[in-house]
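Breakdown of the fold
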Amino acid sequence: MNVLNRNIAPKLSPIPRAHIPRLQSQEWENGIKLHHLKAGSEDVLRLEIIIRAGSFYSDKILVPPLLAKLSREGTLSFSADKINEDLDFIGASLTISSSSDFIILTIYSLSKHLSSIIPLLKEVLCVPLLKEKSLSIITDKEKSGLNISNKKNDFVARNTLDQNLYGDAHPFGYYPNIKDIQSLSVDDLIKYHKKQVL
């Protein structure tokens, strides 16, 4: 067995040239920008729809993340079960997340299923069912999660640092509390959806 001699530096080799595919961009007549690239030989796609609708744009900072979570709970034409069933049937996955700046819909699928996914995405984006019952379930989960997180030193430390850096009123410095979660209504979500997403 060869023993590695750490006193001798390894042989230097040139770094091979990396080929980075070129990003294609276009702007549609309605002002929406599309950026796309073809990378790899597999017939799969990752589609992200990025909407400037994060907490920074809301008077109530918790509205965008709750809107993102509720968007998967059904639409005018599809129940939550139907959405999940249709995505599972074609082997696709859909996540909806929120940040300080954006609400992001991300879908992974085989490229051949894109035409069947687009109507579903349109429904999720444009006509989510924002119901009091669903909001109540999600806010209960949020309150439980917050109670657990408040017992973790890293969560409290990170939020305390952010509060001191940015201030309570800034989305980066905001620290959620139970009272703010309880004060949210379906009307808040509907108004924000109409203003920022549509």
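First things first, this report covers the structure right here in the doc. Because the structure is predicted, anything quoted here is derived from the model rather than measured.

1. A word on the environment of Ser185
Among the structural elements, Ser185 can be located in the loop between α6 (178-182) and α7 (186-197). Overall, the relative accessible area of 25% leaves Ser185 in the partly exposed class.

2. Re the sheet that holds strand β5 (residues 103-110)
Spatial ordering of the open sheet is given by β3-β5-β4, a layout of three strands whose pairing is antiparallel. Of all the strands in the sheet, the pair left with one neighbour each is β3 (44-51) and β4 (93-98). The mean angle between the axes of side-by-side strands here comes to 15°, regardless of whether they run parallel or antiparallel. Where β3 meets β5, eight bridges bridge the pair, whose relative direction is antiparallel. From the neighbouring strand, Ile49 faces β5, where its bridge partner is Leu105.

3. With respect to the environment of Gly54
With respect to the helices, strands and loops of the structure, Gly54 is situated in the loop between β3 and α1 (63-70). The spatial distance from the C-alpha of Gly54 to the C-alpha of Leu120 is 22 Å, given a sequence separation of 66 residues.

4. Some remarks on the pairing of β5
Counting buried residues along β5, six of its eight residues qualify, which places the element largely inside the surrounding structure. Taken together, the six bridges between β4 and β5 define a ladder with antiparallel strand orientation. For Ile96, the partnering residue across the bridge sits in β5 and is Leu105. Between β4 and β5, which pair antiparallel and follow one another directly, the connecting turn spans four residues.

Scoring rules and cut-offs
- Residues numbered from 1 in each chain as written.
- Predicted model: local features only at pLDDT ≥ 70, side-chain atom pairs only at ≥ 80, totals over all residues.
- Heavy atoms only, no water.
- Helix = DSSP H or I, 4+ residues; strand = E, 2+ residues; numbered from the N terminus.
- Buried < 20%, exposed > 50% of the residue type's maximum accessible area, 1.4 Å probe, protein only.
- Pairing = 2+ DSSP bridges.
- Axes fitted to C-alpha atoms, helices over the stretch in contact; angles between N-to-C directions.

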